[in-house]
Structure formats: structure tokens, C-alpha cells
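Commentary on secondary and tertiary structure
Next come the chains, spelled out residue by residue.
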Amino acid sequence: MEMHKNPNGKRNSLHGDVMTLKEPHRNGSTYGAFQSKDPILAMEKASEIEDRSEHGISVHHPTSYLETMMHLFKGNVGSGIFALGDAFKHAGLLLAPPLTMFLGVICVHAQHILIKCNEEVTRRVNDPNATTGFAGTVELCFATGPLSLRKYSVFMRKLVNIFLCITQLGFCCVYFVFIAKNMKLVMDVYGIEMDVHQHMAVILIPIMLSTWIRNLKYLVPVSSMANFLVIAGYVATMYMMCNDLPSIHERRYIADWHDLPLFFGTVIYSFEGITLVLPLKNEMKKPSNFSKPFGVLNVGMVIVGGMFVAMGFISYLKYGDAVAGSVTLNLESKEVVDGKIIIKHSSYSS
């Protein structure tokens with residue numbers, strides 16, 4: 001691995017498997033040296049890099065503003081949106097909407113902090129064109145931070161990767177249960193009775209095949225089709241629930257305080273897209289369009305947050321304390337149109 005020379009004459013050196021990073025501090029001192037057996041960034045010589053985008057990073061198939069928006073929307077709108085009725089039940093009809101928006105603001109703020117941290121640590125290693133993911137950013141934060149913490153940089157990268165794997169495994173387990181239960185609900189109506197575990201085995205194959213598409217540019221058509229069906233299912237579900245809505249006076253305005261942890265847990269689960277932030281930004285043709293005031297992140301999350309509040313409010317207003325963990329289970333599954341809606345959204349929410 002070879003590090004680029006800096007314009008001011010300083011350079012990062014690599015001796016064998018030991019890398020030394022030096023960065024001038026505001027008071028004229030240096031951050032010191034970071035040594036690691038594992039190279040942090042895989043650098044490329046400028047003469048070897050082609051097809052660079054705005055950020056100067058080699059991206060073979062950069063994505064546009066709209067394409068990135070498709071991925072962001074797809075990554076945040078999943079099965080969790082149908083659980084928000086149950087979440088609102090644990091907070092109350094009037095307390096839940098502002099709390100949901102408040103949690104959404106916190107999540108978006110945390111994503112902006114992650115982006116700024118990524119930009120800062122790449123500046124510290126004297127290569128603002130380098131890209132790292134979530135775990136790589138954490139590693140660089142420790143590697144260029146206080147001297148006493150630098151020895152933990154590699155460990156923290158591995159720890160973050162472990163946590164990310166556990167988190168994504170949990171999400172995928174929920175998706176499998178959500179899809180299988182809704183498929184069983186519909187198939188039973190048509191006389192095709194199978195155990196829920198058999199439905200899980202059936203959906204395993206197409207889900208595994210979809211994981212082979214690793215390039216975000218190639219995933220755009222799939223995400224676009226999925227988003228279209230998700231929105232269609234969302235609109236149809238909202239339309240059915242809006243028929244014969246009861247008065248808001250029949251629902252609790254503010255729930256008991258000891259139920260609030262269940263509300264927070266469900267809503268935080270719904271805002272699950274922080275792991276997508278850096279990969280989506282790094283793959284953009286113009287990364288500056290991702291985190292600016294009217295960029296992909298802010299615009300996309302405002303739309304997602306509005307959909308969350310609307311779904312949670314109408315679901316709880318319609319079914320009250322009888323609202324299920326997924327509101328699709330409250331729908332009249334004997335109607336053919338309902339079955340089609342459930343299948344559409346279940347198939348593409350993962």
C-alpha cells in the first residue's frame with residue numbers, strides 16, 4: 001500500500017506492516033503516530049484511478065440523486081412501518097406522533113454526525129478522497145484520537161462489524177417471520193395450507209438470490225419495482241383502514257408511562273437505515289448531494305417520517321388496543337384484494 005504525498009510536503013510512511021500517520025494539530029504539535037498491523041485504507045495511485053466522480057474516488061457505477069433516494073427509501077421502509085400501530089398503542093394517539101418525529105430527528109442527526117466523522121478522519125489521514133464504511137470510520141476515529149485509545153482501533157472495528165452483523169441478522173429474522181406469516185394468511189384462504197416454516201423455506205431461495213447483486217447501480221431497477229409495490233400496498237392499506245374510522249375520543253391520548261419503552265423500541269427499529277448512509281454516499285456521482293440541507297438524506301427521511309406517523313396514527317385509530325404487531329394481520333384476509341396487497345408488500349418489504 002502506498003500513501004500519497006501531501007501538498008505541504010508531509011507524507012505518510014509505511015514500513016513493512018507498520019503504518020505511521022502524522023497530522024498537524026492546531027497548536028503546531030502532531031497527533032502522534034498510529035501503528036497497526038492491518039492497513040486502514042486501501043489507497044490507489046492517482047495514475048491508476050479512472051472514472052472518478054465528484055469526490056475523486058474511483059466509482060465504477062456511480063448513482064444519481066434519484067437512484068440513491070430509491071435505495072434510501074427502500075432501506076428505511078420495511079416491515080417496521082406496519083408495526084407502528086402497535087407502537088402508537090403504547091404511547092397514545094396524541095403523544096406518539098411528536099415522539100416519533102423527535103426520534104426521527106435524532107436518528108437523522110446521528111447519521112449526519114457519522115458522515116462528518118467520516119469526513120474528519122479521512123482528513124486526518126491526509127487523504128480526503130479515501131472512503132471507509134461504518135466500522136472503518138470507527139477505527140480511524142480511534143486511530144487518530146487520544147494516544148491511550150489508539151491501540152484499540154482494530155478491536156473497535158471488529159467489534160462494530162460484529163454488532164452490525166447481529167443487528168442485520170435480527171432484522172432479517174423479523175423479515176422472514178413477517179413474510180412467512182402473511183403468505184400463510186393469504187395462501188390458507190386459497191386452500192394452500194402449509195406450515196409457516198415451510199413458507200420460510202420457500203422464500204429463502206429468492207431472498208438469497210437477491211443478495212448476489214452487490215452493485216447499487218444494478219440494484220436500482222429492483223429497488224424501484226419494490227418501492228412501487230411497497231407504496232401501492234401502503235396506499236391500499238391506508239385506504240382500507242380509513243373506511244369507518246372511529247372517533248379519536250375512543251382512543252387513549254396518552255398511554256401509561258411504563259408502556260413507553262415498547263413504543264421507543266418499535267420506532268427505533270423502524271428507523272433502521274444508519275448502516276446504509278456511508279455506502280450510499282460513497283457510491284454517489286455527487287456525494288455533496290447526499291447530506292446537504294435538501295439532499296438525499298434529509299428529503300428522504302422527511303418522506304419516510306411522514307409515512308411512519310400516518311400509518312401509526314391511522315392503524316391505532318382504526319383498531320385501538322386490538323391492533324396487531326403487524327397491522328396487515330388485522331385486515332380482512334378473506335377478500336381477494338386484501339390478499340394481493342399483503343402478498344405485494346410482504347414480498348418486497350425485505
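Residues numbered from 1 in each chain as written. Predicted model: local features only at pLDDT ≥ 70, side-chain atom pairs only at ≥ 80, totals over all residues. Heavy atoms only, no water.

To continue, consider the overall build of the protein chain. For the protein chain, the count of helices and strands is 12 helices and 2 strands. Counted from the first residue to the last, the protein chain has its helices and strands arranged as β-β-α-α-α-α-α-α-α-α-α-α-α-α. A separation of at least 24 residues holds for 75% of the contacts in the protein chain among residues at least 6 apart in sequence. As displayed, the protein chain has an accessible area near 18,300 Å², and 65% of this comes from carbon and sulfur atoms. (Helix = DSSP H or I, 4+ residues; strand = E, 2+ residues; numbered from the N terminus. Contact = heavy atoms within 4.5 Å. Areas by Shrake-Rupley, 256 points an atom, 1.4 Å probe, with all protein chains shown as cover.)

Moving on, we come to helix H7 (residues 216-241). Its 26 residues place the ends of H7 35 Å apart at the C-alpha level, agreeing with the 38 Å of an ideal helix rising 1.5 Å per residue. Valine 222 marks the point of greatest bend in H7, at about 30 degrees. (Expected span 1.5 Å × (residues − 1). Bend = angle between axes of the 7 residues up to and from the residue.)

Its identity is not glycine, yet aspartate 244 carries a phi of approximately 55 degrees, on the positive side. Its place among the elements puts aspartate 244 in the loop between H7 and helix H8 (260-270).

Along its 24 residues, helix H11 (residues 296-319) runs 34 Å from first to last C-alpha, staying within 8% of the 34 Å computed at 1.5 Å per residue. Phi turns positive, to about 60 degrees, at glycine 320, one or two residues after H11.

Note that valine 138 resides in helix H4 (residues 134-143). A residue is classified by how much of its surface remains accessible, and valine 138, at 16% relative accessible area, is buried. In this structure, the C-alpha to C-alpha distance between valine 138 and serine 153, residues 15 residues apart in sequence, is 7.5 Å. Leave out the neighbours within four places in its chain, and valine 138 touches Met156 and Val160. (Buried < 20%, exposed > 50% of the residue type's maximum accessible area, 1.4 Å probe, protein only.)

The angle between the axes and the distance between the axes are what describe a pair of packed helices. It is at 9 Å that the axes of helix H1 (residues 65-76) and H7 come closest, and there the two elements cross at 55 degrees. By the angle class used here, H1 and H7 are oblique. You can see that H1 and H7 cross each other, and the crossing is left-handed. Contacts between H1 and H7 involve Glu67, Met70, His71, Phe73 and Lys74 on the former and, on the latter, Leu216, Lys217, Leu219, Val220, Ser223, Ser224, Ala226, Asn227 and Ile231. (Axes fitted to C-alpha atoms, helices over the stretch in contact; angles between N-to-C directions. Parallel < 35°, antiparallel > 145°, perpendicular 65-115°, else oblique. Left-handed = near helix turned anticlockwise from the far one by under 90°.)

With that settled, consider the environment of isoleucine 274. Within the secondary structure, isoleucine 274 is located in the loop between H8 and helix H9 (277-282). We classify isoleucine 274 as partly exposed; its relative accessible area is 28%. Ignoring any residue separated from it by four or fewer positions in sequence, one finds isoleucine 274 in contact with Ala110, Gln111, Leu114 and Phe134.

Turning to the UniProt feature "transmembrane region" (unreviewed entry) in the protein chain, a few remarks are in order. The positions UniProt marks with the feature "transmembrane region" (unreviewed entry) are residues 159-180, 196-213, 225-242, 262-282 and 294-317. Strand forms 0% of residues 196-213 and helix 83%; the C-alpha atoms that close the span are 27 Å apart. Structurally, residues 225-242 comprises 94% helix and 0% strand, and the distance from its first C-alpha atom to its last is 26 Å. (UniProt positions renumbered as here; feature names shortened; annotations may be inferred.)

A cluster of nonpolar residues, Leu94, Ile248, Tyr253 and Ile254, forms a patch on the protein surface that exposes about 370 Å² of accessible area. By the secondary structure assignment, isoleucine 248 is in the loop between H7 and H8. (Patch = residues over 30% accessible without salt bridge, like charges linked within 9 Å, V, L, I, M, F, W, Y side chains within 5 Å. Salt bridge = Lys/Arg side-chain N within 4 Å of Asp/Glu carboxyl O.)

Let us look at the packing of aromatic side chains. The final tally for this structure, using the stated rule, is 4 aromatic pairs. Arranged with centres 6.4 Å apart and planes meeting at 65 degrees, the rings of phenylalanine 88 and phenylalanine 263 form a pair that is edge-to-face. On the criterion of sequence distance, the pair formed by phenylalanine 88 in helix H2 (residues 84-89) and phenylalanine 263 in helix H8 is long-range, its members being 175 residues apart. In this structure, phenylalanine 88 and phenylalanine 263 share a single accessibility class: buried. Taking the centre distance of 5.1 Å and the plane angle of 65 degrees together, the rings of phenylalanine 271 and phenylalanine 308 count as edge-to-face. Within this pair, whereas phenylalanine 271 is found in the loop between H8 and H9, its partner phenylalanine 308 is found in helix H11, the two being separated by 37 residues in sequence. The class of phenylalanine 271 is buried, set by a relative accessible area of 10%. A relative accessible area of 0% means that phenylalanine 308 is categorised as buried. An aromatic cluster is defined as three or more aromatic residues linked by ring pairs; in this entry it consists of Phe88, Phe263 and Phe264. (Phe/Tyr/Trp six-rings, centres within 6.5 Å; stacked < 30°, edge-to-face > 60°.)

Core analysis: the largest hydrophobic core is formed by 53 residues, its most contacted members being Ile81, Phe263, Phe290 and Met311. Elements supplying a minimum of two residues to this core: H1, H2, helix H3 (96-124), helix H5 (153-189), H7, H8, H9 and H11. Leaving out residues up to four positions away in the same chain, methionine 311 has contacts with Ile81, Phe82, Tyr234, Thr237, Met238, Met241 and Val327. (Core = buried A, V, L, I, M, F, W, Y, C linked by side-chain atoms within 4.5 Å.)

Bringing the pattern of salt bridges into the picture now. Between side chains of opposite charge, a pair can form as their charged atoms come close. As enumerated under the stated definition, the model contains 7 salt bridges in all. The residue glutamate 120 makes a salt bridge to arginine 124 at a minimum N-O spacing of 3.2 Å. With glutamate 120 and arginine 124 both in helix H3 and 4 residues apart, this pair spans about one turn of that helix. A relative accessible area of 26% places glutamate 120 in the partly exposed class. Note that glutamate 139 is salt-bridged to arginine 157, the shortest N-O span being 2.9 Å. Of this pair, glutamate 139 sits in helix H4 while arginine 157 sits in helix H5, and the two are 18 residues apart along the sequence.

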